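Single-letter residue listing:
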Amino acid sequence: MTSFSQALSAAQALDRADSLVGRRALFSLPEGCLYLVGHSLGPPPASALERIAAAQKAWQRELVRSWNSAGWIDLAERAGARIAPLIGVDADEVIIADSVSVNLFKLAAAALPLARRKLIMVEEDEFPTDQYIAEEMARQLGSAFQRLEAGSAFGALKQGGILIRSAVNYRSSEVTDINAFEEEAEKHGTLIVWDLSHATGVMDLSLRASGARLAAGCTYKYLNGGPGAPAFVYVERNLASRLASPLPGWMGHDSPFSFTPDYTPRAGTARFASGTPPILSLAALDGALDAFEGVSPAALCAKARSLGDIVIAEADAAGLEVMSPRVQPQRGGHVSVRIKEGYPVVQALAANGIMADFRAPDTVRLGLSPLFLSHEDVARAMAQLHDILQSGSWDRPEFHARSKVT
Ligand SMILES: Cc1ncc(COP(=O)(O)O)c(C=O)c1O
């Protein structure tokens, strides 16, 4: 037996024991495409496409009446309520609104007055938008700002203030111990705004049990809500009633159609809604969430990590440097490997029907969405990566031509 056929039969054995295997049929993926970029833009479940078509029809036939007749006015709340069990909180503690960038701003600015010190902190290896928002917000609000050295955030919690922090790092896939961070933050009057973009739909997040009180996350990655799908906001119920959104738009008003000049925020997390929600995108997201019905976050997480173990074993066999934690509980839903010529390698993979992504300067990320990928898919993708590297077939001029999005 070759090492590939051994890896393949081991992967097939894992697939036979996989409780999520039937979920693949819910997705509309091109024939022959091995899609390892669900951590960037999830593919469409057929139910998402159907829901967009239904929203289009409602728009065409019912026009403005659809806000009531098709329930558009409550869709942000209904879709938020469906995300709540995936992150371990109550249905009324989540609402869909805006983008992650905007929501990080809203939550951190709202929470700042409750922190022991007027300080906003973010680590230097956080996703760039988190850093840009944190720094500019501090400037606008007259707060101190600290860009922390990577890995030093836990120690910085004793300072008081606000920390913006990813639950799973976008580059390394390293998981943060939410419980430990929250316990430490609580002792020192620090509040943490969690960025759940790389965690939702792939990690077993028990936010309430872990003491997390403020979070935002995107819905176009593992939740498969579609390109530019709106983000979600979670605020723990008791805290929400003490916070005022810095962007108090009419959709966060208790009675938007009273058209009163004074502002009365909606109860709870819903006050973090701002303007009119993007209904076509929201409809897609609501449809996409059908694929998660009856699936436990624990099952999603276990499968993603089992897929990740294959990536790591095969990357080791190919002599590649693995940038992600090897131990399962410390690793999120993707595995990153360092490849100096990662950009053309990713293009060469795509030419062979395998999609991965590249983050400058040298990171190739392999996303392990548990709902539509099988262990066999991952074993095949890794064998192809090995072939491309061994043969040097990535070094063709067309694979070096850079596009705007990598
Ligand atoms: C960790 C993280 N935060 C934030 C974002 C950006 O969110 P948005 O474009 O919704 O503002 C991304 C995008 O990939 C991300 O990975």
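Before any of the text, the structure's been laid out above.
For clarity, every value in this text was computed on a predicted model and none was experimentally measured.

Caption draft 1: Examining the sheet that holds strand β2 (residues 94–96) more closely. Strand order in the open sheet formed by seven strands is β2-β8-β7-β6-β5-β3-β4, and the pairing between neighbours is mixed. Across the chains shown, the open sheet's two edge strands, defined by having one partner strand only, are β2 and β4 (144–148). Ignoring strand direction, the axes of neighbouring strands in this sheet form an average angle of 20°. Of the strand pairs in this sheet, strand β5 (residues 161–166) and strand β6 (residues 190–195) are connected by six bridges, and their pairing is parallel.

Caption draft 2: Representation of the pairing of strand β7 (residues 214–217). The alternating pattern of β7 places Leu214 and Ala216 on one face and Ala215 and Gly217 on the opposite face, and all of these are buried. Where β6 and β7 come together, three bridges link them in parallel fashion. Each bridged residue has a counterpart across the sheet, and for Trp194 the counterpart in β7 is Ala215. Pairing of β7 with strand β8 (residues 232–235) involves four bridges; the strand directions are antiparallel. Across the sheet, residue Ala215 finds its bridge partner in β8, namely Tyr234.

Caption draft 3: Representation of the pattern of salt bridges within the structure. Summed over all chains, the structure comprises 27 salt bridges. One salt bridge in this structure joins Lys303 and Asp18, with 2.8 Å as the shortest N-O distance. Of this pair, Lys303 sits in helix α12 (residues 297–317) while Asp18 sits in the loop between α1 (3–16) and β1 (34–35), and the two are 285 residues apart along the sequence. What makes Lys303 buried here is its relative accessible area of 6%.

Caption draft 4: Representation of the packing of α1 against helix α14 (residues 375–391) within the structure. Relative orientation of the contacting elements α1 and α14 amounts to 160°, with a least axis distance of 7 Å. Between α1 and α14, the angle falls in the class roughly antiparallel. Between α1 and α14 lies a crossing of right-handed hand. Taking contact as the criterion, the partners of Phe4, Ala7, Leu8, Ala11, Gln12, Leu14 and Asp15 in α1 are, on α14, His375, Glu376, Ala379, Arg380 and Ala383. Here the residues of the contact of α1 with α14 are counted per class, giving seven nonpolar, two polar and three charged.

Parameters at a glance
- Residues numbered from 1 in each chain as written.
- Predicted model: local features only at pLDDT ≥ 70, side-chain atom pairs only at ≥ 80, totals over all residues.
- Heavy atoms only, no water.
- Pairing = 2+ DSSP bridges.
- Helix = DSSP H or I, 4+ residues; strand = E, 2+ residues; numbered from the N terminus.
- Axes fitted to C-alpha atoms, helices over the stretch in contact; angles between N-to-C directions.
- Buried < 20%, exposed > 50% of the residue type's maximum accessible area, 1.4 Å probe, protein only.
- Salt bridge = Lys/Arg side-chain N within 4 Å of Asp/Glu carboxyl O.
- Parallel < 35°, antiparallel > 145°, perpendicular 65-115°, else oblique.
- Left-handed = near helix turned anticlockwise from the far one by under 90°.
- Contact = heavy atoms within 4.5 Å.
- Nonpolar A, V, L, I, M, F, W, Y, C, P; charged D, E, K, R; others polar.

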